[in-house]
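Fold and geometry: a report
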Amino acid sequence: MWNKLIDFVSYNATDPIQFNSPIFLIFLTVALVGYPLVFKKVKLRTTYLLLFSLFFFYKTSGVFLLLLLGTAYVNFIIGSLIYKHREEAKGFLILSIIWNLGTLSFFKYTNYLIVGFNSVCGSEVNLLNIVFPAGISFFTFQTMSYTIDIYRKKLKPVKSFLDFAFFVSFFPQLVAGPIVRASYFLPQINKKKSVTQLEVTSSIMRIFNGLFKKVIIADFLALNYIQSVFSNPTGFSGTANLIAVYAYAIKIYCDFSAYSDMAIGIAKLFGFDLPENFNLPYKASSVKDFWNRWHISLSTWLRDYLYIPLGGNRRGNTYLNLMITMVLGGLWHVRPNAFWTYIVWGSLHGLALIIHRMWSQTKLSELLNTNFLLKLFYKPFAWLMTFNFVCLTWVFFRANSIQSAWEMLSAIFTNIQVNQLLGWSQEFTVIGIFLAVAYLFHFLPTRWDNLIVKPFSKLGIVGTALLVSFILISLAEFKRIEPYIHQQLSTEVEEADSAPKYKVQQFEYYKF
Amino acid sequence: MKSEFAKIAIIAIITVVVMAIYTVMPKFDYFSEKEQDSLSVIYVEASDSLEVTTSPSETHTTKPPKKKYVKKIKPVAFSEITDGDDFTNISEFFTKLEALQQGKINKLRIAYFGDSITESDLGTNNFRSCWQDSLGGEGVGFVPAVSVLSQFRSSIQHKFSSNWREYSISKVQERKFPLGIFGNVAMPSLPKTDSLGYVKKSVSWHSYSMMDGNQLSKPTLILLNQKEDMPIEYVINNDTLRTIISTSDQLQFITLSDSLIKYLAISYYPQDTCYVYGVDFSDKRGVYVDNFSIRGNKGNNFTHLQLDILEQFNNHFNYDLFILHYGANVTDPIMQDYSWYRIAMKNNIKHLQQLKPAPPILLISMGDRGAMVDTLWVSSPDIPYLIKEQQRIAKDSEVGFFNLFTALGGENSNVKLRTQGLLTPDHTHFTRKGAKYFGDLLYDKFMQEYQTYLKRQ
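Summary of the structure given here.

1. So, the overall build of chain A
- Assigned secondary structure in chain A consists of 21 helices and zero strands.
- For chain A, the residues scored as buried account for 55% of the 512 residues in total.
- In chain A, the share of contacts with a sequence separation of at least 24, taken over all contacts with a separation of at least 6, comes to 75%.
- Accessible surface computed for chain A: about 23,400 Å², of which carbon and sulfur atoms make up 67%.

2. What to know about the pairing of strand β15 (residues 263–268) of chain B
Residues and elements named next belong to chain B.
- Most of β15 is tucked away: five of the six residues are buried.
- Across six bridges, strand β8 (residues 204–209) lies against β15 in antiparallel orientation. The residue bridging serine 204 from the neighbouring strand is tyrosine 268, located in β15.
- Looking at chain direction, strand β11 (residues 230–236) and β15 are connected through five bridges and run antiparallel. When the sheet's bridge partners are listed, glutamate 233 is paired in β15 with serine 267.

3. Some points on the side chain of A:Ser299
- Mapped onto the elements of the fold, A:Ser299 is located in helix α12 (residues 296–310).
- Other than its neighbours up to four places away in sequence, A:Ser299 contacts A:Trp291 and A:Trp294.

4. Here's the deal with the sheet that holds β8(B)
Residues and elements named next belong to chain B.
- An order of β3-β8-β15-β11-β12 is seen for the five strands of this open sheet, with the pairing classed as antiparallel. The sheet is open, and its two edges are formed by β3 (157–160) and β12 (239–245), each paired on a single side. Ignoring strand direction, the axes of neighbouring strands in this sheet form an average angle of 15°.

5. Looking at empty space enclosed by the protein
All names here are of chain B.
- Evaluated as defined, the whole model comprises four cavities of 30 Å³ or more.
- The volume enclosed by the largest cavity comes to roughly 100 Å³.
- Ile117, Met366, Gly367, Asp368 and Thr428 are, among the 15 residues lining the largest cavity, the residues nearest its centre.
- Grouping the constituent residues of the lining of the largest cavity by class yields nine nonpolar, four polar and two charged.

6. A word on a nonpolar patch on the surface
- A cluster of nonpolar side chains, contributed by A:Val33, B:Ile13, B:Val17, B:Ile21 and B:Met25, occupies part of the molecular surface with about 410 Å² of accessible area.
- For the nonpolar patch, the leading source of residues is helix α1 (residues 4–24) of chain B, giving three residues.
- Inspection of the secondary structure assignment puts A:Val33 in helix α2 (residues 22–38).

7. Brief notes about the sheet that holds strand β1 (residues 107–114) of chain B
All names here are of chain B.
- Ordered by their spatial adjacency, five strands build an open sheet running β17-β1-β18-β19-β22, and the pairing between neighbours is parallel. On the outer flanks of this sheet lie β17 (286–293) and β22 (400–402), each paired with one strand and no other. Across this sheet, the average inter-strand angle for adjacent strands is 20°, counted without regard to direction.
- As paired strands, β1 and strand β18 (residues 321–325) are joined by four bridges and run parallel to one another. Bridge pairing in β18 places phenylalanine 113 opposite leucine 324.
- Packing of helix α4 (residues 91–101) onto the sheet brings it into contact with β1, β17 and β18, and relative to β1 it is tilted by some 140°.

What counts and how
Residues numbered from 1 in each chain as written. Chains lettered and ligands numbered in written order. Predicted model: local features only at pLDDT ≥ 70, side-chain atom pairs only at ≥ 80, totals over all residues. Heavy atoms only, no water. Helix = DSSP H or I, 4+ residues; strand = E, 2+ residues; numbered from the N terminus. Buried < 20%, exposed > 50% of the residue type's maximum accessible area, 1.4 Å probe, protein only. Contact = heavy atoms within 4.5 Å. Areas by Shrake-Rupley, 256 points an atom, 1.4 Å probe, with all protein chains shown as cover. Pairing = 2+ DSSP bridges. Axes fitted to C-alpha atoms, helices over the stretch in contact; angles between N-to-C directions. 1 Å grid on protein atoms, 1.4 Å probe; cavity = no way out; pocket = protein on both sides within 12 Å on 5 of 7 lines; lining within 4 Å. Points joined across faces, edges and corners; volume = space filled by probe spheres on them. Nonpolar A, V, L, I, M, F, W, Y, C, P; charged D, E, K, R; others polar. Patch = residues over 30% accessible without salt bridge, like charges linked within 9 Å, V, L, I, M, F, W, Y side chains within 5 Å. Salt bridge = Lys/Arg side-chain N within 4 Å of Asp/Glu carboxyl O.

Laid out in structure tokens, this is it:
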């Protein structure tokens, strides 16, 4: 018993706590149970949530807790310095940016710099063994928004470090977004907290929507299909490769938006609002529209703190500004095991945004968008083009190397035959069903959500609790029988000898 | 009960209590039937001295009810599995090889069973040409009628129409069909007719053409036609020929041509169900290697092949050696207990040994398989456990053993092989270049062991 408790409290590098891991349920319950006792007193409430948040971060990244606190403290000090010494504000701002981007770059790019240095100079500097702290890309951007906003006189610095540390480390959004801006979150800290019955139900539904997307759709597709195709694209037919790309497109959406959904839902249970991060991105009819719907908190951050300072669409070369923004957006995504693929991904999106901008200034595009009859044909076409473009760029996003992305694309463009589809559907029937369900959910009208939430909000406490347990048990059972589903329904049968395994799959954005 | 936060807290508590009860409760077993069939229910204390092997039917009588044994798996390090090569059990093959060199016999034939590592003639292509360069022989051996992987085949070009029905051993519901020795069989479609005769699109066909100077030698068609006489039409180089296949309860081996040809295409006009296995390209002299690879196969399902069909294949081809090369689909980085695999595999080997005459068998261990730990590629940590079991399979079944893992360079060799361009980005499968390297390596190993055999004589 005692040992188990110690296990629970201490950091384990191979098994970091996540929203879909079973121990998170215990963690969340403890936090929720104590909350009614403290929520009326602001200071007590903030301290209470801060402690839970710090514990959560310790369980995900261990000693990097000190880095988080350090970053928070440096930015807190610099923020007040900028406010007090207006004449030297620029210098302090640069200091803050150097600290934030410096820590981020050290963990993300040092080894790439060493590799580049070695190849240029022919030297043999050893690579550093850098462990990557979870969520660093997210919280450094949050602290940057704080100092920059103070510099722009949009925000006054917070008086207490407690509040600021709480803003940086609030656990729902800590490791994988949404990126919450200081100006959005800090005013909420001192407000009186209250939620309505309807909000509670819709938050719970939102959390389960996230769990469903992550555990049932994203994990199933990734484990049973996407991984094997992306690791060996030449071993599959063109059709199988193309479907893997579509599957990955819905998988990464389900994976990432699941995290945001759960973050928003959990924060709401404590009475805090987080910004929306996704708005059905694959309904977009242009690349610009896509970026208004995909990872909204990042794209608006890049717009406000990078694109507009560069000159936006008023000063300088707009196309160059777009390109720089998107390439840096790609650079933000770089992970320890892939570099150039993300750069290619970012620049492809930059290129598409430039082309879209050029196109939207022509008369023809104006005509197509305004004429009622032409619009009827143009809109589906534009959607189809956008969707396929976005999907094909995901190839670079997911591939382990440029070469493997290239193999995949060449398989898609040179080796597609219609009769492969029949073979594919026989071999991967279950995958086909899951894909169809996933895309169906994506394209359902949003107003249907209310149809589900309203009846459930009248269930009462015990009813809601039983519903929640029922859904959790169903998910656990699904995880347990998942290996069998694949065996029973699909024709590609492996021998039933190996034991089924239950493993918590990491959220993909967890590693950014 | 004033605030909603208190309600949330109560909901959370009730949920956790229900979940705790669920965790403690015994789990419902959805697939209990399956469990009884599978061999994984046998619990074996892992130690070198003690071993319990029982067939599935016996386990129910010997296993005490509901008593669970704790499995103790002895840790195995990479350094413990570096050797174990044993070719003494296949000296029968070397005897024949010696006879072939002395001109006493004319032909040697090897069947190579594998998985995706050797699919579409990867590796075996080069292995075969090594033999044929030194001892003669012309032809690529057996080629199936229909194979999804034919487009990747590196030795000859193989095409087929899309209207075949294909049955494979890897699909449970298709195991009732008369599968061939390579675990596969194809059924041509019944052609439709209209006022002009047969509708061309509904006729099933397959064709083979020369590639890389591999001529097609002496094609022999292998099929099973039990119900109605069947006309076939075949094209050899540019000549179209017709013949009628009579019915028989046995497999039929029909020689289509007696010489080296460049192109062969066969069309089928069956009136009733008929099964086509494939075409054999081999001469009367030399060494032949048949590649029987199935993607995703673990090698433990041979028992589903009907023995009489196996026997007919074996009697016709007179195999002198079976090579079994599996493992890449068995390994799983977090697994340590492979006793289920050993038991299943031994049953398979036993099944193959029932053939009369039974050729000697050589078991090749798995090669290296990369696993990514953080950002580094290493050998999958379970490999020592699996290879240890494979060594034991070979020892217990008295078949030969070749430790490919060590021959490729041992622990973490996948990293080196990948940088040399011999492995694909998944650090498991061979590239074309890697397949050539592997074929040479295997042939050299055979020659080396052959020299040892001669010295011992």
